[in-house]
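# Inside the fold
Okay, here's what each chain looks like letter by letter:
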Amino acid sequence: MVSERMRGLGTARSVIRELFEYGNARAAHVGRENVFDFSIGNPSVPSPDAVNETAIRLLREQPDQIHAYTSAQGAADARQRFADSLNRRFGTDYTADRFYLTVGAAASLCCVFNGLSCPGDEFVVFAPYFPEYKVFIEGAGAKMVLIPPEVEAFQIDFDIFERSLSQHTKGVLINSPNNPSGTVYSRETLERLAGILTRKSQEYGHPIYLISDEPYREIVYAGVEVPWVPSLYRDTIVCYSFSKSLSLPGERLGYVLVPKEAAESGDVYAAVAGAGRSLGYVCAPSLFQQVTSRCCDLTSDIKVYEENARLLVTSLREMGYHVVEPQGAFYLFPRTLEADDAAFCERAKKLDLLIVPGSGFGAPGHTRISYCVQTDMIRRALPKFKELAESYR
Ligand code: PLP
């Protein structure tokens with residue numbers, strides 16, 4: 001006898017991973033160059049040189065210490081460097097003791113949901129959303145309340161949002177720049193959101209936390225501003241990761257930041273650490289605590305993502321697809337050419353074009369194209385996108 005929930009999660013792989021595995025199997029048959037895999041969000045640009053150089057130097061200089069356990073919450077010097085970096089950039093005064101280092105944003109989010117959740121609690125999520133949120137929130141015993149997508153620009157429909165809040169709302173989750181839409185919330189949007197949360201927290205007599213999942217914080221185009229969310233709403237908890245900004249998804253390093261200004265911040269931090277302990281997310285990878293904390297002012301060279309976005313948006317629009325222009329991250333979320341997005345993506349798959357149905361992101365009638373790939377593959381895939389569009393005429 002095993003846990004039914006866990007067995008279900010273990011056997012029903014995510015649609016994205018399923019497609020990614022299919023792509024690999026298909027490539028073995030027809031050749032990698034004939035499969036156009038836009039399924040997964042693996043950064044295609046290398047880490048900055050300083051990342052590997054720092055890793056090599058640390059391995060040489062500290063061979064006996066670098067692989068050792070650190071404190072459960074991460075090494076104090078690494079946490080202080082993360083604090084210093086944010087303080088330089090955002091004019092804050094964070095200290096090491098507000099950071100809990102984790103294996104990527106996934107674990108950061110799990111620590112936060114598990115740390116905050118009491119029986120009956122709800123977390124509000126905006127569609128389209130990263131599908132694992134539901135797994136993480138329900139895994140913490142809480143309920144996910146989903147706001148349907150605002151499909152014109154993937155911004156916030158504040159009327160629906162306000163109606164979705166209740167006495168049970170423990171937190172609201174935002175992800176900007178967004179996976180899968182590429183949208184960035186403007187300062188104005190965030191200020192309006194903060195205003196509603198402040199008013200509702202007072203009305204309900206308890207804080208509503210704003211959980212800002214920001215692994216794409218640095219991946220924005222044409223000088224778009226990504227406001228520092230805790231400066232706009234006091235009760236913000238930040239979940240961050242170096243998976244995308246430093247192209248290090250396999251090294252698993254991220255953090256939770258609980259600013260001291262946040263309501264009951266001492267208890268929240270302790271609960272995040274307790275959740276980390278109970279989930280076994282203690283002592284994040286030691287080498288990469290040191291590497292990322294020494295390189296956290298850097299970002300991989302993201303020029304190619306912007307180039308890819310421009311190429312895809314222009315070409316797909318010419319072919320008749322409806323696309324909202326992404327401002328960041330590395331995903332495009334066009335409308336599908338039939339209402340059934342799964343059928344549309346199946347039709348694409350027959351052309352060896354691997355794109356993900358939008359339903360899994362809470363936005364039926366859309367498809368996610370992950371364009372962190374070689375530009376040359378996009379050029380070669382364009383005739384396939386055209387053939388797909390023409391098959392609907
Ligand atoms: N949040 C979002 C929005 C993501 O897109 C991802 C990964 O793609 C994660 C969290 C998890 O990131 P990590 O690799 O740091 O666990």
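Just so we're clear, the structure is a prediction, and the values are computed from it rather than from any experiment.

## Let's talk about the packing of helix α4 (residues 76-90) against helix α10 (residues 286-295)
Packing of α4 against α10 brings their axes to within 9 Å, and their N-to-C directions diverge by 25°. The orientation of α4 with respect to α10, classified from their angle, is roughly parallel. As α4 runs across α10, the sense of the crossing is left-handed. Contacts between α4 and α10 involve D77, A78, R81 and F82 on the former and, on the latter, Q289, Q290, T292, S293 and R294. In terms of residue class, the contact of α4 with α10 is built from two nonpolar, four polar and three charged.

## Thoughts on the site of the ligand
In the vicinity of the ligand there are 14 residues, among which A105, D213, Y216, S241 and R252 approach most closely. R252 is positioned with one of its side-chain polar atoms (N or O) 2.7 Å from an oxygen atom of the ligand. Burial of the ligand by the protein amounts to 91% of the accessible area it has alone, namely 400 Å². Top contributing element to the shell around the ligand by residue count: helix α5 (residues 104-116), with three residues. Grouping the constituent residues of the shell around the ligand by class yields six nonpolar, five polar and three charged.

## Describing the pattern of salt bridges
Counted under the stated rule, the structure contains 23 salt bridges. Between E162 and R199 there is a salt bridge whose closest N-O contact spans 3.0 Å. Of this pair, E162 sits in helix α7 (residues 158-164) while R199 sits in helix α8 (residues 187-204); the two residues are 37 residues apart in sequence, bridging distant segments of the chain. A residue is classified by how much of its surface remains accessible, and E162, at 25% relative accessible area, is partly exposed. On the basis of relative accessible area, R199 is assigned to the partly exposed category, the value being 41%. Three or more residues are tied together by salt bridges with common partners; here these are R89, E214, R217 and E218.

## Side note on the domain arrangement of the chain
Interfaces are often sized by the amount of accessible area the parts lose when they come together. When its domains are assigned, the chain resolves into domain 1 (4-48 + 301-390) and domain 2 (66-295). Distance from the C-alpha centre of domain 1 to the C-alpha centre of domain 2: 26 Å. With both sides pooled, the region where domain 1 packs onto domain 2 buries about 2600 Å², and carbon together with sulfur makes up 60% of that total. Run the count over domain 1 and domain 2 and you get one salt bridge. Note that R335 and E152 form a salt bridge whose closest N and O atoms lie 3.5 Å from each other. Applying the counting rule to domain 1 against domain 2 returns 16 residue pairs in polar contact (both at pLDDT 80 or more). Broken down by secondary-structure element, the contributors of at least two residues to the side of domain 1 that touches domain 2 are α1 (4-11), α11 (303-318) and β9 (331-332). Among the residues forming the side of domain 1 that touches domain 2, the class breakdown is 18 nonpolar, nine polar and four charged.

## A few points about the packing of aromatic side chains
What the rule picks out here adds up to 22 aromatic pairs. Note on F90 and W228: the rings are 4.4 Å apart at their centroids and 10° apart in plane angle, and the pair reads as stacked. Of this pair, F90 sits in helix α4 while W228 sits in the loop between β6 (209-213) and β7 (236-241), and the two are 138 residues apart along the sequence. Among the residues examined, W228 registers a relative accessible area of 4% and is labelled buried. Taking 6.4 Å as the distance between ring centres and 90° as the angle between the ring planes, the aromatic pair formed by Y321 and F385 counts as edge-to-face. Of the two residues, Y321 is situated in the loop between α11 and β9 and F385 in helix α13 (residues 375-390); the sequence distance between them amounts to 64 residues. F385 carries the same exposure label as Y321, and that label is buried. Here a set of aromatic residues connected by ring pairs shows up, and it is made of F82, F99, Y240, F242 and Y255. For R347, the ring lying beneath its charged end belongs to Y392, and the centroid distance is 3.9 Å. Taking the ring centre of Y22 as reference, the NZ or CZ of K349 above it sits at 4.3 Å.

## Some thoughts on the nonpolar core
Counting residues in hydrophobic clusters, the biggest one holds 36 residues, and the most contacted among them are F38 and F385. Among the elements of the structure, α11, β9, α12 (341-350) and α13 are those that each provide at least two residues to this core. It is α13 that provides the largest number of residues to this core, a total of seven residues. Mapped onto the domain boundaries, this core takes at least three residues apiece from domain 1 (4-48 + 301-390) and domain 2 (66-295). Look past the residues within four positions of F385 in its chain and what remains in contact with it is F38, L312, L316, M319, Y321, L353, I355 and I369. In terms of nonpolar packing, the next biggest core, distinct from the first, is built from 29 residues, V125, M144, V256 and V268 among them.

## A word on the pairing of strand β3 (residues 122-126)
Counting buried residues in β3 gives five out of five residues, a clear majority hidden from the surface. Summarising the sheet, β3 and strand β4 (residues 143-147) pair through five bridges and their orientation is parallel. Paired with F123 across the strands is M144, a residue of β4. Of the strand pairs in this sheet, β3 and strand β5 (residues 169-174) are connected by four bridges, and their pairing is parallel. Opposite E122, over in β5, you have T169 as the bridge partner.

Conventions we followed
- Residues numbered from 1 in each chain as written.
- Predicted model: local features only at pLDDT ≥ 70, side-chain atom pairs only at ≥ 80, totals over all residues.
- Heavy atoms only, no water.
- Axes fitted to C-alpha atoms, helices over the stretch in contact; angles between N-to-C directions.
- Helix = DSSP H or I, 4+ residues; strand = E, 2+ residues; numbered from the N terminus.
- Parallel < 35°, antiparallel > 145°, perpendicular 65-115°, else oblique.
- Left-handed = near helix turned anticlockwise from the far one by under 90°.
- Contact = heavy atoms within 4.5 Å.
- Nonpolar A, V, L, I, M, F, W, Y, C, P; charged D, E, K, R; others polar.
- Near = heavy atom within 4 Å.
- Polar contact = N/O pair within 3.5 Å; in protein donor to acceptor, adjacent residues only side chain to side chain.
- Areas by Shrake-Rupley, 256 points an atom, 1.4 Å probe, with all protein chains shown as cover.
- Salt bridge = Lys/Arg side-chain N within 4 Å of Asp/Glu carboxyl O.
- Buried < 20%, exposed > 50% of the residue type's maximum accessible area, 1.4 Å probe, protein only.
- Domains from an automatic or database assignment.
- Buried area = accessible area lost by both parts, 1.4 Å probe.
- Phe/Tyr/Trp six-rings, centres within 6.5 Å; stacked < 30°, edge-to-face > 60°.
- Lys NZ or Arg CZ within 6 Å of the ring centre and 35° of its normal.
- Core = buried A, V, L, I, M, F, W, Y, C linked by side-chain atoms within 4.5 Å.
- Pairing = 2+ DSSP bridges.

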